[in-house]
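# Observations on chain architecture
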Amino acid sequence: MDDPLSDGRAPPREWLPPGGETGALVRRIDWGRTALGPVAQWPASLKTVVALVLGAGFPAALLWGEDLVQIYNDGYRPLLGARHPDALGRSARDSGSGAWQVHEPLCRQVMTDGEAVMLSEQVVESPGDGTLPLYVTNCYSPVRCEDGSIGGVLVTVIDDTPRILARRRQDASEARYRALFDSIDEGFCIIGMIFDEHGKAVDYRFIEVNPAFGQHTGLVDVVGRRIRELVPENESSWYQIYGEVALTGEPVRFQRRAGMLDRWFDVYAFRYGKPDERQVAIVFSNITDEVRTEAALLARHVRFCRLSEGLERLARADSSAELLDQLLRAAQELVGADGITVELDNGRFRCIGRGATNGAVWERSHHPLVAIVTDWAIRRRETAVIVDVRDDDRVPPAVLEGVSKRSLVMIPVGGAIPSGAVGAYWLEPHRPDDEEVAVLEVLARAAGTALARQLASERLRQSEERFRVLVEETAQAVWEGDAAGALVVHSPSWSAYTGQTFEEMAGFGWLDAIHPDDRLRVEREWRAAVAGRRVFDTELRLHHRRREWRWANVRAAPLVGADGEVEKWVGMNIDITDRKEAEQRAHEAALHDPLTALPNRRLIFEYAEHLLAAAGRKHSQGAFLFIDLNRFKPVNDRYGHEAGDRLLQEVACRLKAGVRKEDIVGRLGGDEFIVLLPYLEQTQEAMNIAQYVVESVSQPFVIRDAEVSVSPSIGISLFPQHGMTVDALIRAADLAMYQAKHCSGGAYFVYAPDLEHRDDVSTTMEGRLRQALARNTFALHYQPVIDLRTGAVTGAEALLRFAGEDCEGLGPGLFIPVAESSGLIGAVGEWVTAEACRQHIAWAAAGLGPVPIAINVSPIQFRQRRFAQRLADILRECGMNPASLQLEITESTVMDNADDAAGILAAVRALGVKIVLDGFGTGCSSLVHLGSLPLDKLKIDRSFVQGITESSTSRAVVEAVIALGRTLGLEVVAEGIESGDTLAYLKAHGCDQAQGYFLGRPLPRDEFARQFLRHGSQS
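Parameters at a glance
- Residues numbered from 1 in each chain as written.
- Predicted model: local features only at pLDDT ≥ 70, side-chain atom pairs only at ≥ 80, totals over all residues.
- Heavy atoms only, no water.
- Helix = DSSP H or I, 4+ residues; strand = E, 2+ residues; numbered from the N terminus.
- Buried < 20%, exposed > 50% of the residue type's maximum accessible area, 1.4 Å probe, protein only.
- Contact = heavy atoms within 4.5 Å.
- Pairing = 2+ DSSP bridges.
- Axes fitted to C-alpha atoms, helices over the stretch in contact; angles between N-to-C directions.
- Parallel < 35°, antiparallel > 145°, perpendicular 65-115°, else oblique.
- Nonpolar A, V, L, I, M, F, W, Y, C, P; charged D, E, K, R; others polar.
- Salt bridge = Lys/Arg side-chain N within 4 Å of Asp/Glu carboxyl O.
- Left-handed = near helix turned anticlockwise from the far one by under 90°.
- Expected span 1.5 Å × (residues − 1).
- Lys, Arg positive; Asp, Glu negative; His and termini not counted.
- Polar contact = N/O pair within 3.5 Å; in protein donor to acceptor, adjacent residues only side chain to side chain.
- pLDDT = per-residue confidence, 0-100.
- Arc of directions from axis to C-beta.
- Core = buried A, V, L, I, M, F, W, Y, C linked by side-chain atoms within 4.5 Å.
- Phe/Tyr/Trp six-rings, centres within 6.5 Å; stacked < 30°, edge-to-face > 60°.
- Lys NZ or Arg CZ within 6 Å of the ring centre and 35° of its normal.

In terms of helices and strands, the protein chain carries 33 helices and 36 strands. Expressed as a percentage of the 1019 residues in the protein chain, the buried residues total 51%.

Structurally, H544 can be placed in strand β18 (residues 536-544). Residues within four places of H544 in sequence aside, it is in contact with Y497, T498 and R550.

The subject of this paragraph is the pairing of strand β29 (residues 793-802). Across the 10 residues of β29, 9 count as buried, placing the element largely inside the fold. As defined by bridge partners, strand β28 (residues 778-787) adjoins β29 across 9 bridges and the pair is classed as antiparallel. In the sheet register, V785 faces β29, and the bridge partner there is G795. The loop that links β28 with its antiparallel partner β29 comprises 5 residues; one of these, G791, has a positive phi angle of about 80°. With 3 bridges joining them, β29 and strand β30 (residues 853-856) adopt parallel strand pairing. Within β30, the position partnered with A798 by the bridge is I855.

Read from one edge of the open sheet, 4 strands run β17-β20-β19-β18, paired in antiparallel fashion. Looking at which strands have only one partner, the edges of the open sheet turn out to be β17 (477-482) and β18. Taking each pair of neighbouring strands and ignoring which way they run, the sheet shows an average axis angle of 30°. Looking at chain direction, strand β19 (residues 548-560) and strand β20 (residues 566-575) are connected through 9 bridges and run antiparallel. Bridge pairing in β20 places A556 opposite G571.

Interhelical geometry of helix α18 (residues 632-639) versus helix α19 (residues 641-657) gives an angle of 140° and a closest axis separation of 6 Å. As summarised for this structure, α18 and α19 are arranged oblique, according to the angle between their axes. Where α18 approaches α19, its residues F632, V635, N636 and Y639 are matched on the opposing element by H641, A643, G644, L647 and L648. Looking at side-chain class alone, the contact of α18 with α19 contains 6 nonpolar, 3 polar and no charged residues.

Taken in spatial order, the 5 strands line up as β22-β23-β21-β26-β27 in an open sheet, and their pairing is mixed. The two strands at the open ends of the sheet, each matched to only one other strand, are β22 (664-669) and β27 (747-750). The average undirected angle you get between the axes of adjacent strands in this sheet is 20°. Bridge count for strand β26 (residues 711-719) against β27 is 4 bridges, and the pairing is parallel. Looking at β27, one finds that I716 is bridged to V750. Sheet strands touched by α19: β21 (622-630), β22 and β23 (672-677). Its angle to β23, the strand with the most contacts, is close to 15°. Contacts from helix α20 (residues 684-697) reach β21, β23, β26 and β27, with the element oriented near 165° to β26.

Time to look at the pattern of salt bridges. For side chains bearing opposite charge, pairing can occur when the charged atoms are close. For the structure on display, the rule yields 38 salt bridges. Of the charged contacts in the structure, one is a salt bridge between R253 and D266, with a shortest N-O distance of 3.1 Å. With R253 in strand β8 (residues 252-258) and D266 in strand β9 (residues 263-272), the pair connects residues that are 13 residues apart, well separated along the chain. The partner of R550 in a salt bridge is E548, and the shortest N-O contact between them spans 3.4 Å. Judged by its relative accessible area of 17%, R550 is buried. Note on E548: relative accessible area 29%, which makes it partly exposed.

Before going further, it helps to examine the packing of helix α24 (residues 825-845) against helix α26 (residues 867-878). Taken N-terminus to C-terminus, the directions of α24 and α26 make an angle of 30°; their axes are 10 Å apart at the nearest point. Taken as axis vectors, α24 and α26 run roughly parallel relative to one another. Regarding α24 and α26, the two cross each other, and that crossing is right-handed. Residues E830, T833, A834, C837, R838 and I841 of α24 form the contact with α26, whose own contacting residues are R870, L871, I874, L875 and C878. Residues belonging to the contact of α24 with α26 are distributed by class as follows: 7 nonpolar, 1 polar and 3 charged.

This next bit is on helix α17 (residues 601-618). With 18 residues, α17 should reach 26 Å at 1.5 Å per residue; the first-to-last C-alpha distance of 25 Å fits that figure. Buried within α17 are the following residues: L603, I604, F605, A608, L611, L612, A614 and A615. Looking at the residues trailing α17, positive phi occurs at H619, about 55°.

Relative to the elements of secondary structure, D203 occurs in strand β7 (residues 201-209). Buried within the structure, D203 lacks any salt-bridge partner; its nearest side chain of opposite charge belongs to R226, at an N-O separation of 4.1 Å. At a separation of 3.4 Å, a polar atom in the side chain of D203 contacts the main-chain amide nitrogen of R228. In this structure D203 touches G192, M193, I194, R226, I227, R228 and Y239, once residues within four positions along its chain are discounted.

As a further point, take unusual backbone geometry. Between H84 and the following residue, P85, the backbone shows a cis peptide bond with an omega angle of 10°. Tracing the backbone shows P85 in the loop between α3 (77-80) and α4 (100-113). For the bond running from F719 to P720, omega is 15°, close enough to zero to count as cis. Relative to the helices and strands, P720 resides in the loop between β26 and α21 (726-743). Unlike most non-glycine residues, R631 shows phi in positive territory, near 65°. Relative to the helices and strands, R631 is located in the loop between β21 and α18.

Before going further, it helps to spend a moment on the confidence of the model for the protein chain. Overall, the predicted model of the protein chain reaches an average pLDDT of 79, with 81% of residues at or above 70. For the protein chain, the element scoring lowest by mean pLDDT is strand β13 (residues 359-363), at 51; strand β35 (residues 993-995) scores highest, at 94. Below pLDDT 50 for its whole length, residues 355-360 participates in 8 contacts with residues either more than four positions away or in separate chains.

Listed as buried for α18 are F632, V635 and N636. Buried residues of α18, viewed axially, fall in a sector of 100°; they line one side. Its buried side turned inward, α18 meets β21, α19 and β25 (706-708). Backbone geometry just after α18 places G640 at a positive phi near 100°.

Looking now at the nonpolar core. In a soluble, globular protein the nonpolar side chains are often hidden away together inside. Residues L769, L887, L935 and L986 are the most contacted members of the largest nonpolar core, which totals 74 residues. Those residues within four positions of L986 in sequence are excluded, and the remaining contacts are L788, V945, I948, V958, A974, I977 and C991. Grouped together as the second largest cluster of nonpolar side chains are 45 residues, W64, A87, L119 and L154 included.

The tally for this structure, following the rule as stated, stands at 23 aromatic pairs. Judged by centre distance (6.1 Å) and plane angle (45°), the rings of Y268 and F270 are tilted. Here the aromatic cluster, defined as three or more aromatic residues joined through ring pairs, consists of Y204, F206, F213, W238, Y239, Y242, F254, F265 and F284. Positioned over the ring face of F195 is R278, at 4.5 Å from the centre of the ring. Cation over ring: R527 sits above F508, and NZ or CZ is 4.4 Å from the ring centre.

Another point: the environment of V245. One can find V245 in helix α8 (residues 236-248). In this structure, V245 is in contact with E250, V252, A269, F270, R271 and V280, ignoring residues within four places of it in sequence.

See the structure below:
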């Protein structure tokens, strides 16, 4: 065909818009020499579309007729490159484009089917000048002639380049965020607050959580769910705190117990996102172990690592609303609709808009009618045209009540997999023609792309904001290293924390900031993590800029590229000095006697082992002084346990004052103390110190305005003469102490080998135990347990005693250890169980109202292989109801091997016997396993009960145990009540039961029955 541009005599086209340079070329072409023929013969539809193309403000082209002759505008020219202007007026097939093989089938399809087709994210090659390629979406729409036939295809082009580039930046930012988000130990979550009609916070929904969230809370699969669904009984105070943060924007930091989870958390909460979103971000740590340790040992909760303060509010963005406002005006101008409706990102962003005299009005909601039509268009992936909603099968009658919309057009947005829809509506019945629908489809797709790009930008901003918050609010330093593990990027936060310059920290220079004792280990672990491409996680001491060493948790994770290779390492440091110091305090507390603050048995044995090892190397000598107090029990019985405790504290002070600076004084338990004397030049020094202790401790004490006296019996063992092991030396000192006690009320005695062959106290006691078992000369005394709500006797504790007048001073503290060491404790314990059962049945036979009887179980007896079976045999032989028997097991007995203990307790519980955890509150780890043990009661240790009136620590522990028992559904018993004030305090704080000398001393069976049991009913 001849060149249509060869003749410039083409008449002017008044019906054409200016059209820029391309419009001028269109006017110059002699169309009579083209396949379209003279302009005068063009159909009106062709002229209309040509005018639309030239006047469009976006890239557009018309392909007309069977030959698909091209007419395009200035915006379309960059897509043609060097093929312009030759392509104008020619068949698209002849334009020389390699992409025509893709476009031609689509154009033919549109010409045949009469339906629009989209081709998304096409790459337009760069012109070779170094610029980046373009990413576009082409829309091919049919153009109908006056007779209804399809005369051509309208091609509109949407520039997707900004959206795709934004998406790539978002993916990179999200990868950085996720690497840190997934690696931190602290729990992190974002919640959306839910308020009632009065503005009161009543619930919240989890929007996002990190992997550590489940480890700290025990909750899984929480995203998208409400807290009331997960924890129905959750305390309302949590909603009030988080609701206040969401409304005011003021961050809060607090420590609080989640009752239904039975966990303590250290929480930092701050508003996240825009104020009207009412979202709250929470960084928290599970500090349950620390709090419970402090409650049991120090009655104060160990505060967990404090996170950094000074959060910045998240940036606000209004660009989405502005973009939607423009979209509404465009729809009204081009289509004449009364309003448009938008739903993007599967309903995450939805609104409906209408025109107003002063601009656009948007509502953040959808009517069910709009939702139904939107769902139909997205599911079918096709345009929905509803001429009258009252006469269309796609609209259920149930959604029409109160609806003002009559006609509706909805177009899916999002390419092959729609993620939303854009539509227009009319308030009166309206049948849009094909041209209106085609223009609306083009507008809808352009608007959808623009909105998706805006949403992608917003997501990128949120991702970067989350990354910033995560870094600034949890880490004291953030750093990056190359694939080999060398630090290559300057980290201002590292410099600010350690004081190192970039030159000092570069490469592996950052290792110089690590404590010398930690450096070799850390460097070895770091190189192993880099070589193995695994997460690096360690604790170390770092040099702080304030010239001090501080503990830090250092974590780093590799960032892996698309090729599977490590591109770099991203790490962060969290200051854990507070936590380490709390752990050290807890460790020290576990090694000291809570009453006297002296080293306890565990610390004494540990120190003694080191002392003996050093003495062996240096060939030095020393001594052990084993001290037992005479006449302590009468003081305790006469003046009460509080006075006895005060006396022990005073004795501890005198012992510390009577030894050398390098000597160690410790308490083994009860009224037994020990003194370790290292580095003695002569053995006489030990005897001199012992004599001074005898004289000092024998001086009167003033306790509660009363003068009381005790005296020490001291046994001395020497090393290396009497042994070089802790057990041997303590045993030798113990034998010598008993010899001193036998010789005089206050004296010392040095161990001699012939003591091994004497009929010492232990041997005598063992003989008496065997004799009592053989002749049945044991007796049980019973101490009442009182219900604090009713004042009634609700039980009795059976206490073992020797029968006979000459046995008054032989208390359990003397013969129980001998029974355990001699292997007689099993037989003694079974005698107690059988006698308690027989007495219970005897009281019932006498017509008395028998009460449940509690018996104490020795740790050695408890761990015997057939303990539960032997208990079952005794119950069966005696014919006693198992529900009337209670076993008291000490907390330390259970905690020595919690797993084995749980199995034994389960077997006992299966018999119907009740289980009481005795001495509760003195252990360090029982709370960890408490929920899994088959218990019925908790008995608060007497040391805490007796300190209620004077010690805030004791009060805190007692209140915590009562609250814990209430939470777990266990009865709580307080023992050792010595005063009315103590009893009143326990009543006021909801303790269930109590026992102690103030309520009733242990009594023989007949006297107990006369005072506390009534005929026919339980007293």
